[in-house]
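# Structural overview for review
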Amino acid sequence: MPGYHLSFLISALAAIGLALVGCAAPGTGSSLFQGQEAEAAEVEFNDPLEEVNRSIFGFNQVVDEVVLVPVAKGYRTAVPPPMRSSVHDFLQNLNAPVIFANDVLQAQPRLAAQTLARLTINSTLGAAGMFDVASRIGIPHHSNDMGITFATYGIEEGPYLIAPVLGPTNPRDIVGNVADSFIDPGNYFAGKYDIWYAPLARTAVSGIDLRARNIEALADIEKTSLDFYATIRSLYRQRRAAEVRHEDSNLPNPKF
């Protein structure tokens, strides 16, 4: 795709996301996820498009059952655990520059120092990020992104949305994802050297890795949920709120 077409598409997505932010007020956060109790506890969930969201959610469940879970299970069968761990560590290391940029934008010097140290150590001693040496010596990984940066500066999340295939999100995070793609060095080099397939491959592998890590957790949640849609909505919002506070929620990622 030519560069100006890509820029136009990204700008359009950003504009749509920002418009949606103004459509509704934010919902309230909730405490740690507690299975079915979270469904009853969630009062203000800011889901004005629930009917549409449920339709997309149903579509996503079919895609998950027919495509994503079989691929994730095949990946776990074909690739030994040590190799899967290396793939996960490598993907985390690729994300480190974006995490570092957001640490700095949020004025989080401790987190920024941790991310820079992890990037340096894992890119060298960790064989280009294939091994998470930094965690082994006491420098933990943390996630960060532009959606969290926007939240830090008071930008509301907007209405709850279900994206086809990708799952739960909100306008603030949609715009944040677009912004992160601009500051990602991997995307820059892929564009510079016309390796257009590299970001697509990275996204696909990241999705398979994520789904493979959450097969049992999401299956258990679905079995015990009276309303799986409402449970995933609550789980997503609690997990995201914890990430904004830079807390480890220990909640499974509900994205398919």
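Residues numbered from 1 in each chain as written. Predicted model: local features only at pLDDT ≥ 70, side-chain atom pairs only at ≥ 80, totals over all residues. Heavy atoms only, no water.

Next up on the list: the overall build of the protein. Looking only at helices and strands, one finds 12 helices and 2 strands in the protein. Listed by position from the N terminus, the elements making up the protein come as α-α-α-α-α-α-α-β-β-α-α-α-α-α. Per-residue burial for the protein yields a buried fraction of 42% across its 256 residues. Here the protein displays about 13700 Å² of accessible surface, and carbon together with sulfur accounts for 66% of that area. (Helix = DSSP H or I, 4+ residues; strand = E, 2+ residues; numbered from the N terminus. Buried < 20%, exposed > 50% of the residue type's maximum accessible area, 1.4 Å probe, protein only. Areas by Shrake-Rupley, 256 points an atom, 1.4 Å probe, with all protein chains shown as cover.)

By size, the foremost hydrophobic cluster in this structure holds 11 residues: F57, Y160, I162, L218, I221, F228, Y229, I232, L235, Y236 and L251. Of the residues forming this core, the biggest block, 5 residues, is contributed by helix α12 (residues 228-244). A72, Y75, V79 and A212 belong to the second-largest nonpolar core, a separate cluster that totals 5 residues. (Core = buried A, V, L, I, M, F, W, Y, C linked by side-chain atoms within 4.5 Å.)

Next up on the list: the packing of helix α3 (residues 50-78) against helix α11 (residues 215-224). Contact geometry of α3 with α11 gives a least axis separation of 11 Å together with a crossing angle of 145°. Contacts between α3 and α11 involve Q61, A72, K73 and R76 from the former and I215, E216 and E222 from the latter. (Axes fitted to C-alpha atoms, helices over the stretch in contact; angles between N-to-C directions. Contact = heavy atoms within 4.5 Å.)

For α12, spanning 17 residues, the distance from its first C-alpha to its last is 24 Å, which sits close to the expected 24 Å at 1.5 Å a residue. With 16 of 17 residues buried, α12 lies mostly within the body of the structure. At the N-terminal boundary of α12, the capping side chain belongs to D227, with an oxygen 3.2 Å from the backbone nitrogen of Y229. Positioned one or two residues after α12, H246 has a phi angle of 60°, which is positive. (Expected span 1.5 Å × (residues − 1). Polar contact = N/O pair within 3.5 Å; in protein donor to acceptor, adjacent residues only side chain to side chain.)

For the structure on display, the rule yields 7 aromatic pairs. Judged by centre distance (5.4 Å) and plane angle (80°), the ring pair of F57 and Y229 falls under edge-to-face. Within this pair, whereas F57 is found in helix α3, its partner Y229 is found in helix α12, the two being separated by 172 residues in sequence. (Phe/Tyr/Trp six-rings, centres within 6.5 Å; stacked < 30°, edge-to-face > 60°.)

What follows is about unusual backbone geometry. The backbone of V165 sits at a positive phi, close to 70°, despite the residue not being glycine. Tracing the chain through its elements places V165 in the loop between β1 (161-163) and β2 (167-169). Judged by its relative accessible area of 34%, V165 falls in the partly exposed class. Of note, H246 is a non-glycine position whose phi angle comes to about 60°, a positive value. Tracing the chain through its elements places H246 in the segment after α12.

What follows concerns the environment of Q106. Within the secondary structure layout, Q106 lies in the loop between α4 (81-105) and α5 (109-124). Looking at Q106, the relative accessible area reads 5%, which means it is buried. In this structure, the C-alpha to C-alpha distance between Q106 and T149, residues 43 residues apart in sequence, is 5.9 Å. Setting aside chain neighbours within four positions, we find Q106 in contact with N144, D145, I148, T149, T152, Y153 and H246.

Let us now look at a nonpolar patch on the surface. A cluster of nonpolar side chains, contributed by V62, V66, V67 and V71, occupies part of the molecular surface with about 320 Å² of accessible area. You can see V71 is positioned in helix α3. On the basis of relative accessible area, V71 is assigned to the partly exposed category, the value being 38%. (Patch = residues over 30% accessible without salt bridge, like charges linked within 9 Å, V, L, I, M, F, W, Y side chains within 5 Å. Salt bridge = Lys/Arg side-chain N within 4 Å of Asp/Glu carboxyl O.)

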